[in-house]
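Observations on the three-dimensional arrangement
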Amino acid sequence: MGHETTQTRATTMEIGLLVGNLDQLENVAAWGYDYAEISPSLLGVDEAAGTLERKALEQIQASPVPVMAMCGFLNRSKVVGPEVDNAPVRDYVIRLFDAMQQAGVPVIGYGSGGSRFVPDGFSRDRALGQVNEFLQMCADLGGPRGVQVAVEPYNYDDANLINTVPEGVEMVQKVNRPAIQLMADFFHMRLNGESFDALAAAGPYLIHAHIAEPGRGRPQTTPAEHAAYLRALRKAGYYGRVTQTGELPAYNSPTEAAETLKRFAREGGKKK
């Protein structure tokens, strides 16, 4: 599989599915999704140790659908705070990006709200500077390997830094590196009560997107809302990948979800 060093502007969105096991790749194809998204652990890479497992690479290479994105970048490491240790983080990023290059996975989302949580009494400006430093390192390591990082704004309950799409745009602009771009997530935008209108100015920076049911006691989202999200992405000029990262109870099966989201994507979010 090839890599993207900059975002390729396609003419049709692709709808993918996040899987928790590489054995599910055949299901992703059978259900009608265009690609799969995985976590670093499925490549045998974590923040303590590990390298790309040969079996994982063979499964990805034999998959009926490509693995085109990753999420769950940092689960334990911190990039913000008074006692950040960048050396082990750098070692991990090198192992991960090497594995992604071998597996042909071009994009990883940087959500990881806990990694950028600002402690009480710590300078918010310094915290933003530390995130910038982390992303600059990712650009240095990712660019030569054909890997891009998509900064993911997180909901207010799970992070206290870079929560909204405009804040994500601002960080990407500050980093100002082709390997560091932006992603949008229906889940986080809905939890925040953020309007899809915020995507309009984000269009030039978007390289990835997610959609899933926010839940948490909120009313169940509807196909009309999913259509509006995809329509807003298209209106912003985004024709890239959108991964379903969790259940969408509005649909009766994964096949129905894939078919409906792909139809909305083709039609700019207009229902027949």
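The preceding data block contains the structure.
I will try to describe carefully the structure that is included in this document. (Residues numbered from 1 in each chain as written. Predicted model: local features only at pLDDT ≥ 70, side-chain atom pairs only at ≥ 80, totals over all residues. Heavy atoms only, no water.)

Helix and strand counts for the protein come out as eight helices and eight strands. For a compact globule of 272 residues, the expected C-alpha radius of gyration is about 19 Å, and the protein comes in at 18 Å, within 12% of that figure. In terms of principal-axis extent, the alpha carbons of the protein reach across some 55 × 40 × 35 Å. Counting all 272 residues of the protein, 54% fall into the buried class. Working note: accessible area of the protein is about 11600 Å², and carbon and sulfur atoms make up 47% of it. (Helix = DSSP H or I, 4+ residues; strand = E, 2+ residues; numbered from the N terminus. Rg over C-alpha atoms; globule rule 2.2 N^0.38 Å. Buried < 20%, exposed > 50% of the residue type's maximum accessible area, 1.4 Å probe, protein only. Areas by Shrake-Rupley, 256 points an atom, 1.4 Å probe, with all protein chains shown as cover.)

What follows concerns helix α4 (residues 124-142). Taking 1.5 Å as the rise per residue, α4 with 19 residues should run 27 Å; its terminal C-alpha atoms sit 26 Å apart, in good agreement. For α4, the set of buried residues is Ala 127, Gln 130, Val 131, Asn 132, Phe 134, Leu 135, Met 137, Cys 138, Ala 139, Leu 141 and Gly 142. Elements in contact with the buried residues of α4: α3 (86-103), β4 (107-110), β5 (148-151), α5 (165-175) and β6 (180-185). (Expected span 1.5 Å × (residues − 1). Contact = heavy atoms within 4.5 Å.)

Moving on to the packing of aromatic side chains. Here the structure, examined in full by the defined rule, presents eight aromatic pairs. Between Phe 73 and Phe 134 the ring centres are 5.6 Å apart and the planes differ by 55°, which places this aromatic pair in the tilted class. Pair noted here: Phe 73 is in the loop between β3 (67-70) and α3 and Phe 134 is in helix α4, with a separation of 61 residues, a long-range link. As far as burial versus exposure is concerned, Phe 73 and Phe 134 are alike and both buried. Each member of the aromatic cluster is reached from another via a ring pair, and the members are Phe 73, Tyr 92, Phe 97, Tyr 110 and Phe 134. The ring of Tyr 110 has Arg 116 lying over it, and the distance from NZ or CZ to the ring centre is 5.4 Å. (Phe/Tyr/Trp six-rings, centres within 6.5 Å; stacked < 30°, edge-to-face > 60°. Lys NZ or Arg CZ within 6 Å of the ring centre and 35° of its normal.)

Our next topic: the layout of surface pockets. For the largest pocket, the calculated volume is near 250 Å³. Looking at the largest pocket, it is lined by 16 residues, and the ones nearest its centre are Leu 17, Gln 244, Gly 246, Glu 247 and Pro 254. Counting residues per element, the ones that place at least two in the lining of the largest pocket are β1 (14-18) and α8 (254-266). Class assignment of the residues belonging to the lining of the largest pocket gives a composition of 10 nonpolar, five polar and one charged. Approximately 200 Å³ is the volume attributed to the second largest pocket. What lines the second largest pocket is a set of 18 residues, among which Cys 71, Gly 72, Ser 112, Glu 152 and Tyr 154 lie closest to the centre. Tallied by class, the residues present in the lining of the second largest pocket amount to five nonpolar, 11 polar and two charged. (1 Å grid on protein atoms, 1.4 Å probe; cavity = no way out; pocket = protein on both sides within 12 Å on 5 of 7 lines; lining within 4 Å. Points joined across faces, edges and corners; volume = space filled by probe spheres on them. Nonpolar A, V, L, I, M, F, W, Y, C, P; charged D, E, K, R; others polar.)

All right, on to the packing of α3 against α4 then. α4 packs onto α3 with a crossing angle of 35° between their chain directions and a minimal axis gap of 10 Å. As α3 packs across α4, the resulting crossing turns out to be right-handed. Each of Val 89, Arg 90, Val 93, Ile 94 and Phe 97 in α3 lies in contact with α4, whose residues at this interface are Phe 134, Met 137, Cys 138, Leu 141 and Gly 142. Looking at the contact of α3 with α4 residue by residue, the classes come out as eight nonpolar, one polar and one charged. (Axes fitted to C-alpha atoms, helices over the stretch in contact; angles between N-to-C directions. Left-handed = near helix turned anticlockwise from the far one by under 90°.)

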